[in-house]
Amino acid sequence: MKKTLIAPSILSCDFSKAGNEIADISACGADWIHIDVMDGHFVPNITFGAPVMKFFRSYSEKFFDVHLMISDPLFYINDFVKAGADGITFHVECDSDIDATIDEINKNGKMAGLSVKPKTPAEAVFPYLDKIGMVLIMTVEPGFGGQKFMGDMMPKIEAIKAECEKRGIKDMLIQVDGGINADTAALVKKAGADVLVAGSAVFGAEDRKEAIEKLRNA
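Residues numbered from 1 in each chain as written. Predicted model: local features only at pLDDT ≥ 70, side-chain atom pairs only at ≥ 80, totals over all residues. Heavy atoms only, no water.

Colleague: Talk me through the packing of aromatic side chains; I want residue IDs and the actual numbers.
Modeller: For the structure shown, the criterion picks out six aromatic pairs. With a centroid separation of 5.3 Å and 90 degrees between ring planes, the pair formed by Phe48 and Phe56 is classed as edge-to-face. Like Phe48, the residue Phe56 is buried in the burial classification. Among the aromatic residues, those joined into a cluster by ring pairs are Phe15, Phe48, Phe55, Phe56 and Tyr59. (Phe/Tyr/Trp six-rings, centres within 6.5 Å; stacked < 30°, edge-to-face > 60°. Buried < 20%, exposed > 50% of the residue type's maximum accessible area, 1.4 Å probe, protein only.)

Have a look at this one:
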């Protein structure tokens, strides 16, 4: 059985001391650091780009899990690779050529991931499963933190797991992002999730180490 990986989203950190926040959750047992990049076009909000992420890199040696919520991810892959990304996930609904974007990530030796919005069916990623290492299921609409968890997304996790088993793909990771806490973590793990993204459930906790363990052991 795979170990459940916990990837706190820095979208919920105190950005006035972001570097120290990243160092703190790294010390508290986070497996990955989840970095949400928004362009104000693909999603309504704007966060930051590769130059800011490069600054973050000096505060942690953990796996940098970059989630590109942007319209043209292909144009920016090399920037995020140079800034220290270990894995880059982008949306199947983007404007870039999907295959070309995956190839660019793989060419740079990074883990490629594909994400689907709540209204996009799981089947949208099936043509690419042999080329990627992770699928990210959004359990909220991308672009905002603090939204309510959508429990009706669980069949997507199950569908992707089933398709991977049918095709003999053994190492696919299923990541879930949106409204994850100690209660919803149990639901997504039961459905087959391997990587849990959590924002306020970690950064808003008095004891972050305990919060991470609660998610992992839910």
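Colleague: Could you give me a rundown of the environment of Gly87, with the residues and numbers involved?
Modeller: Structurally, Gly87 can be placed in strand β4 (residues 87-91). Given a relative accessible area of 0%, Gly87 falls into the buried group. Residues Gly87 and Asp207, 120 residues apart in the sequence, show an inter-C-alpha distance of 28 Å. With near-sequence residues (within four places) excluded, Gly87 lies in contact with Phe63, Phe64, Asp65, Val66 and Met111. (Helix = DSSP H or I, 4+ residues; strand = E, 2+ residues; numbered from the N terminus. Contact = heavy atoms within 4.5 Å.)

Colleague: I'd like a rundown of the sheet that holds strand β3 (residues 63-69), residues and numbers included.
Modeller: Read across the sheet, eight strands follow the order β1-β8-β7-β6-β5-β4-β3-β2 without closing on themselves; strand pairing throughout is parallel. The open sheet has two edge strands, β1 (5-8) and β2 (32-38), and neither has a second partner. Put simply, the sheet's adjacent strands are angled 25 degrees from each other on average, direction ignored. Judged from the four bridges that link them, β1 and strand β8 (residues 195-198) form a sheet pairing that is parallel. Counterpart to Ala7 in the pairing with β8 is Val197. (Pairing = 2+ DSSP bridges. Axes fitted to C-alpha atoms, helices over the stretch in contact; angles between N-to-C directions.)

Colleague: If you had to explain the pairing of strand β5 (residues 111-116) to someone new, which residues and values would you point to?
Modeller: Of all six residues in β5, six are buried; the element is thus mostly enclosed. Burial along β5 is two-sided: Met111, Gly113 and Ser115 facing one way and Ala112, Leu114 and Val116 facing the other are all buried. Both β4 and β5 contribute to a ladder of five bridges, which runs parallel. Bridging across to β5, Gly87 finds its partner in Met111. Tracing the backbone out of β4, into helix α4 (residues 98-107) and back to the parallel element β5 gives a crossover that is right-handed. Where β5 meets strand β6 (residues 134-138), four bridges bridge the pair, whose relative direction is parallel. Bridge pairing links Leu114 to Val135 in β6. (Right-handed = clockwise from strand over helix to strand, strands pointing away.)

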